[in-house]
Amino acid sequence: MGLTGLEIYKQLPKKNCGECGPPTCLAFAMALANGKAQLSTCPYVSDEAKANLESASAPPIALVKAGDGDNQVEMGDETELFRHDKKFYHETSVGFKVSDSLNEEELEAKAKEIEDLVFERVGLQYKVQFVAVVNDSQDAETFKKAVAKVAANTSVTPMLVSEDPAALEGALDVAADKKPLIYAATADNYEKMTELAKGKGCPLVVKAEGLEALAELVEKVVALGHKQLVLDSGQTEASKIVGDLVQMRRQAIKKKFRPFGYPSIVFTTEEDPLAEITQAITYVSKYASIIILNTTKKAHVLPLLAWRQNLYTDPQVPIQVEQKLHEVGEVNEDSPVYLTTNFSLTYYSVQGEVESTKIPSYILSVDTDGTSVLTAYAAGKYEAEKIAEVMKKVGLDDKVKHRNMIIPGYVAVLKGKLEEASGWNVIVGPREASGIVAFAKSQFS
Ligand code: SF4
């Protein structure tokens, strides 16, 4: 939660020398408040002011990073309790438990199964973030080998689950370059765990039973100089987990209580996969930054990722596809042409049904600011002249030799005007995308 420009200005030296770039301290304060300047560019800020400004302008929940390269995972850095107040920034990371008691083939198969958990939906790619290797064997060498095997067979960021610093140290020898998340520092091992995490530049989960103990332990770890932390309040009952997640988020955002200003992690406990996913959906909804699951089946994971996607999109910006002439299948000059809007959910519903017709077709998506057909029409964003203009812009006349445009049934009222504006024959299609297959059968076969 940033400070206002005036609050920052009060702490600046007020020399108005301009050495920082802006001509005055006030202008510099405003730039700082808007995130457009760095405090370090003023050489005259006192150490006291620096400490105040740096801590006061830090986000209420720290940004914590794990993994490297394209697989780097960012967590935290949230500023809101409710999505409708602004938006949530870093979607909940999803990970999967893999026991180090599995044999080599099983470990390899599991790692590949997790690697394969990538989905395409409404034009977006859904991925998973962590593979959590658990030291069930309680043996350091077995753990190290399992971590190496898993790391070699998936690009997903590892999480090393062991409370034994010796086992962790061995595992870090083979996985430190992937910047794994280390789980966990407890009251008994936090000094050694912090040293390991700090030494390798890895984020560290801090775990304690209950919020009070957790806050105390976080302060001890921070005092040792490590701030890339993730919090586990040690609960195993779903209702208590949700209670703790909400409490930590409220305390961090509303009260700026620093010990809880870090991302959080939870583990699912339900054995039945559907109950497990339901539990995980609750945790996504109420602030978990990382959820570790047991099930790795695509059919179980996809609904969770879809829920996450819905929650972590900006509520003020609908998901959109590009305004263009899309091709479905091997189109030719006789292919039918369907008209829709650029709202992702509408477009992909239409595209899925057009694919099911098995008739190669064009779909023209018109930019309606990401609104659906009826909403766009009601808002004056889906009018005949505009559609005719887009038809011309994409060169539709040169793509097909017929002149038949299929429009959504909901805007049948556009038929006359669009025919006039475009010179094309307009065919009124079904109201819902689900009617496209039957419609195509009746028209084109
Ligand atoms: S360098 Fe510092 S003292 Fe000079 S104008 Fe900028 S903020 Fe003010």
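Please refer to the structure placed before this passage.
Reading the values: rules and limits
- Along each chain, the written sequence defines residue order, and numbers are assigned to residues from 1.
- The predicted nature of this model means local features are confined to residues of pLDDT at least 70 and side-chain atom pairs, given and counted, to a pLDDT of 80 or more, with totals for whole chains, interfaces and linings taken over all residues.
- Helix and strand labels come from DSSP, where a helix needs a run of H or I of at least four residues and a strand needs a run of E of at least two; each type is numbered from the N terminus.
- Exposed residues have 12 or fewer other C-beta atoms within 10 Å of their own C-beta, buried residues have 20 or more, and residues in between are partly exposed; the C-beta atoms are placed from the backbone.
- We call two residues in contact whenever the C-beta atoms placed from their backbones are within 7 Å.
- Defining nearness, a residue is near a molecule or strand when the C-beta atom obtained from its backbone falls within 6 Å of it.
- When residue character is reported, Ala, Val, Leu, Ile, Met, Phe, Trp, Tyr, Cys and Pro are called nonpolar, Asp, Glu, Lys and Arg charged, and the others, Gly included, polar.
- As used here, a nonpolar core is made of buried Ala, Val, Leu, Ile, Met, Phe, Trp, Tyr and Cys residues. They are joined through C-beta atoms within 7 Å.
- An expected span of 1.5 Å times one less than the residue number is assigned to each helix.
- Two strands pair under a simple rule: DSSP has to find at least two bridges between them.
- Simply put, an axis is a line fit to the C-alpha atoms, just over the touching stretch for a helix, and the angle between two N-to-C directions goes from 0 to 180 degrees.
- Note on terminology: angles under 35 degrees are roughly parallel, angles over 145 are roughly antiparallel, angles of 65 to 115 are roughly perpendicular, and the others are oblique.
- Handedness of a crossing follows from how the near helix is turned relative to the far one, being left-handed for an anticlockwise turn of less than a right angle and right-handed for a clockwise one.
- Every crossover in which the path from the first strand over the helix to the second runs clockwise, viewed with the strands pointing away from the viewer, is termed right-handed.

**Student:** Can you explain the overall build of the protein? Please cite residues and give values.
**Tutor:** Regarding its fold elements, the protein presents 17 helices and 17 strands. Expressed as a percentage of its 445 residues, the buried residues of the protein come to 39%. Restricting the contact set of the protein to residue pairs at least 6 apart, pairs at least 24 apart contribute 63%.

**Student:** Go over the site of the ligand with me, naming the residues and quoting the values.
**Tutor:** Taken together, 13 residues form the shell around the ligand, and within it Lys15, Cys17, Cys20, Cys25 and Cys42 come nearest. Residue classes in the shell around the ligand are distributed as eight nonpolar, three polar and two charged.

**Student:** Give me the lowdown on the nonpolar core, citing residues and values where you can.
**Tutor:** Judged by nonpolar contacts, the single largest core of 75 residues is most densely connected at Val131, Leu160, Ile182, Val205, Val206, Val230 and Ile291. Ignoring anything within four residues of it in the chain, the contact list for Ile291 reads Thr92, Val94, Val266, Thr268, Ala280, Tyr283 and Val284. Membership of the second largest hydrophobic core comes to 30 residues, among which are Val328, Leu339, Val373 and Ala384.

**Student:** How would you sum up helix H5 (residues 140-153)? Please name residues and give values.
**Tutor:** Each full turn of the α-helix corresponds to 3.6 residues, which orients residues three or four apart in the same direction. With 14 residues, H5 should cover 20 Å at 1.5 Å per step; its first-to-last C-alpha distance of 20 Å lies within 8% of that length. Restricting attention to buried positions, one finds in H5 the residues Phe143, Lys144, Ala146, Val147, Lys149, Val150 and Ala151. The inward-facing, buried residues of H5 abut strand S3 (93-99), helix H4 (104-115), strand S6 (130-134), strand S7 (157-161) and helix H6 (165-175).

**Student:** Kindly report on the sheet that holds S7, identifying the contributing residues and their values.
**Tutor:** Here eight strands make up an open sheet; going across it, the order is S10-S9-S8-S7-S6-S3-S12-S11 and the pairing parallel. Here the strands that pair on one side only, and so sit at the sheet edges, are strand S10 (229-232) and strand S11 (265-267). Pairs of neighbouring strands in the sheet enclose a mean axial angle of 25 degrees, with direction left out of account. By the bridge criterion, five bridges tie S3 to S6 in an arrangement that is parallel. Directly across from Lys97, in S6, lies its bridge partner Ala132.

**Student:** I'd love a proper account of the sheet that holds strand S14 (residues 337-341), names of residues and values included.
**Tutor:** Strand pairs in the sheet, formed through backbone hydrogen bonds, run parallel or antiparallel to each other. Read across the open sheet, the five strands follow the order S13-S15-S14-S16-S17; overall the sheet is mixed. Since the sheet does not close on itself, it has two edges, and those belong to strand S13 (324-328) and strand S17 (425-428), each with one partner. Across this sheet, the average inter-strand angle for adjacent strands is 30 degrees, counted without regard to direction. Across the sheet, helix H14 (residues 384-393) touches S14 and strand S15 (361-366), and the angle it forms with S15 is around 125 degrees.

**Student:** Let's hear about the packing of H14 against helix H16 (residues 415-422): which residues, and what values?
**Tutor:** For the pair H14 and H16, the least separation of the axes is 8 Å and the interaxial angle reads 40 degrees. If you check the angle between H14 and H16, you find them oblique. You can see that H14 and H16 cross each other, and the crossing is right-handed. Note on element contacts: H16 touches H14 through Lys417, Leu418, Ala421 and Ser422, opposite Ala384, Glu385, Ile387, Ala388 and Met391. Each residue belonging to the contact of H14 with H16 can be placed in one class, and the counts come to six nonpolar, one polar and two charged.

**Student:** Tell me about the environment of Ile292, and please be specific about residues and values.
**Tutor:** As for its position among the elements, Ile292 is in strand S12 (residues 290-293). Each C-alpha atom, one on Ile292 and one on Met159, is 9.9 Å from the other, the two residues being 133 residues apart in sequence. Not counting residues up to four positions away in its chain, the partners in contact with Ile292 are Gly95, Phe96, Lys97, Phe130, Ala132 and Phe267.

**Student:** Summarise the pairing of S15; cite the residues concerned and give the values.
**Tutor:** With six of six residues buried, S15 lies mostly within the body of the structure. In this structure, S13 lies alongside S15, joined through five bridges in antiparallel fashion. Among the inter-strand pairings, His326 is bridged to a residue of S15, identified as Ile363. Two elements, S14 and S15, share five bridges in a ladder whose sense is parallel. Looking at S15, one finds that Tyr338 is bridged to Ile363. For the segment spanning S14, helix H12 (residues 344-357) and S15, crossover handedness is right-handed.

**Student:** Describe the environment of Lys97, naming the residues involved and giving the relevant values.
**Tutor:** Looking at the secondary structure, you find Lys97 in strand S3. Separated by 140 residues in the primary sequence, Lys97 and Glu237 place their C-alpha atoms 18 Å from one another. Not counting chain neighbours up to four residues away, the residues in contact with Lys97 comprise Ala132, Val134, Ile292 and Asn294.

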